[in-house]
Amino acid sequence: ELKVEQNPLFLSMQEGKNYTIYCNYSTTSDRLYWYRQDPGKSLESLFVLLSNGAVKQEGRLMASLDTKARLSTLHITAAVHDLSATYFCAGGGGTGTASKLTFGTGTRLQVTL
Amino acid sequence: NAGVTQTPKFRVLKTGQSMTLLCAQDMNHEYMYWYRQDPGMGLRLIHYSVGEGTTAKGEVPDGYNVSRLKKQNFLLGLESAAPSQTSVYFCASSYEEIEFFGPGTRLTVL
């Protein structure tokens with residue numbers, strides 16, 4: 001059974017600073033996902049990482065995957081207030097199968113001026 | 001193209017009442033899912049479907065039933081609601097590696 005752990009659970013950071021959110025998972029997972037959720041809203045897909053060493057970047061966010069260490073990271077560069085949200089990682093899925101995602105508990109990010 | 005829609009957006013039930021949540025997608029996706037999200041937690045999979053006429057249990061299926069009579073619709077039923085089912089329910093559909101989530105239904109059981 002796949003288990004996903006994120007840390008930290010809460011992160012308060014100043015604008016302009018860099019930080020990393022960590023996502024560890026317990027067993028082999030074909031895919032690793034990162035989502036963003038704003039309060040009271042649905043989930044927005046950020047990244048899907050499919051293979052060892054995968055790195056994807058969008059704006060100030062960069063996600064990477066190390067399948068040997070069973071670790072994914074979400075790196076935030078020069079944070080801005082608009083990045084304040086809860087970030088979830090999730091594992092699961094496989095080619096031609098249902099995703100059946102297992103989520104971490106989320107990291108609530110607060111970017112302060 | 002509406003994506004994934006959910007009906008209703010909010011609902012308050014009394015313990016023991018029944019209700020059905022409707023999820024619809026217009027993307028012709030085979031796979032559909034129901035998740036619940038409780039405060040301070042990630043989403044947990046309740047049931048899922050790999051195609052019309054099929055359903056399967058997820059991580060937390062007890063107290064829920066589902067049906068997928070049409071490819072575009074996935075229904076989640078609560079036969080006898082309990083306070084422990086107070087949650088936000090998200091429906092999703094997927095194609096290849098991308099899951100698309102609906103806006104959610106906030107359910108309170110008193």
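Before reading on, note that the structure itself is shown above.
How each quantity is defined
Residue positions are given per chain, counting from 1 as you read along its sequence in written order. To read the labels, note that chains go from A and ligands from 1, taken in the order they are written. Only residues with pLDDT of at least 70 are given local features in this predicted model, and only at 80 or more are side-chain atom pairs given and counted; all residues enter the totals for whole chains, interfaces and linings. Only hydrogens and water are removed before side-chain values are computed, so all heavy atoms of the structure are retained for them. Any two strands between which DSSP finds at least two bridges are classified as paired. Numbered from the N terminus, helices here are DSSP runs of H or I no shorter than four residues, and strands are runs of E no shorter than two. Geometry is summarised by axes, namely lines fitted to C-alpha atoms with helices restricted to the contacting stretch, and by angles between N-to-C directions that run from 0 to 180 degrees. Note that a disulfide, as used here, is simply two cysteine sulfur atoms within 2.5 Å. Here's how the labels work: a residue is buried when its accessible area is under 20% of the maximum for its type, exposed when over 50%, partly exposed in between, all with a 1.4 Å probe on protein chains only. Polar contact criterion, stated in full: a pair of N or O atoms within 3.5 Å, where within protein one must be able to donate a hydrogen and the other to accept it, and residues adjacent in sequence count only if both atoms are side-chain atoms. Residue contacts follow a heavy-atom distance rule, with two residues in contact if any of their heavy atoms lie within 4.5 Å. Using a grid of 1 Å spacing that covers the protein atoms alone, one calls a set of points a cavity when a 1.4 Å probe fits there but cannot get out, and a pocket when the set is open and has protein on both sides within 12 Å along at least five of seven lines; lining residues are those with an atom within 4 Å of a point. Grid points are joined across faces, edges and corners, and a volume is the space filled by probe spheres set on the points. When residues are sorted by character, Ala, Val, Leu, Ile, Met, Phe, Trp, Tyr, Cys and Pro go into the nonpolar class, Asp, Glu, Lys and Arg into the charged class, and all the rest, Gly among them, into the polar class.

**A closer look at the sheet that holds strand β1 (residues 4-7) of chain B**
Residues and elements named next belong to chain B.
Turning to step 1, where the next piece is worked out: Strand order in the open sheet formed by four strands is β1-β3-β8-β7, and the pairing between neighbours is antiparallel. Both edges of this open sheet fall to β1 and β7 (65-67), since each of them pairs with a single strand only. Neighbour to neighbour, the strand axes of the sheet diverge by 20 degrees on average, direction disregarded.

**A word on the state of the cysteines**
Residue and element names in this part refer to chain A.
Turning to step 1, where the next piece is worked out: Under the criterion given, the structure shown has two disulfides over all chains.
Turning to step 2, where the next piece is worked out: Cys-23 shares a disulfide with Cys-89; S-S distance 2.0 Å. Taking the torsion about the S-S bond as the criterion, the Cys-23 to Cys-89 disulfide, at about 85 degrees, is right-handed. Separated by 66 residues along the polypeptide, Cys-23 in strand β3 (residues 19-25) and Cys-89 in strand β9 (residues 85-92) bring together distant segments of the chain.
Turning to step 3, where the next piece is worked out: By relative accessible area, Cys-89 is classed as buried at 0%.

**Here we look at the side chain of Lys-71 of chain B**
Residue and element names in this part refer to chain B.
Turning to step 1, where the next piece is worked out: Following the sequence through the fold, Lys-71 ends up in the loop between β7 and β8 (73-78).
Turning to step 2, where the next piece is worked out: Engagement of the side chain of Lys-71 in a polar contact is seen with the side chain of Asn-28, the distance being 3.0 Å.
Turning to step 3, where the next piece is worked out: Apart from residues no more than four positions distant in its own chain, Lys-71 is found in contact with Gln-25, Asn-28, His-29, Glu-30, Met-32 and Glu-52.

**Digging into the layout of surface pockets**
Turning to step 1, where the next piece is worked out: Of the volumes computed, that of the largest pocket is approximately 750 Å³.
Turning to step 2, where the next piece is worked out: What lines the largest pocket is a set of 32 residues, and nearest its centre among them are Gln-37, Asp-38, Pro-39 and Gly-40 of chain A together with Gln-37 of chain B.
Turning to step 3, where the next piece is worked out: Those elements that place two or more of their residues in the lining of the largest pocket are β9 and β11 (107-112) of chain A together with β9 (87-95) and β11 (105-109) of chain B.
Turning to step 4, where the next piece is worked out: Examining the composition of the lining of the largest pocket, we find that four residues originate from one element, β11 of chain A, more than from any other.
Turning to step 5, where the next piece is worked out: Here the lining of the largest pocket is composed, by residue class, of twelve nonpolar, 14 polar and six charged.
Turning to step 6, where the next piece is worked out: Roughly 320 Å³ of internal volume is contained in the second largest pocket.
Turning to step 7, where the next piece is worked out: Lining the second largest pocket are 19 residues, and of these Leu-2, Leu-101, Thr-102 and Phe-103 of chain A together with Glu-59 of chain B sit closest to its centre.

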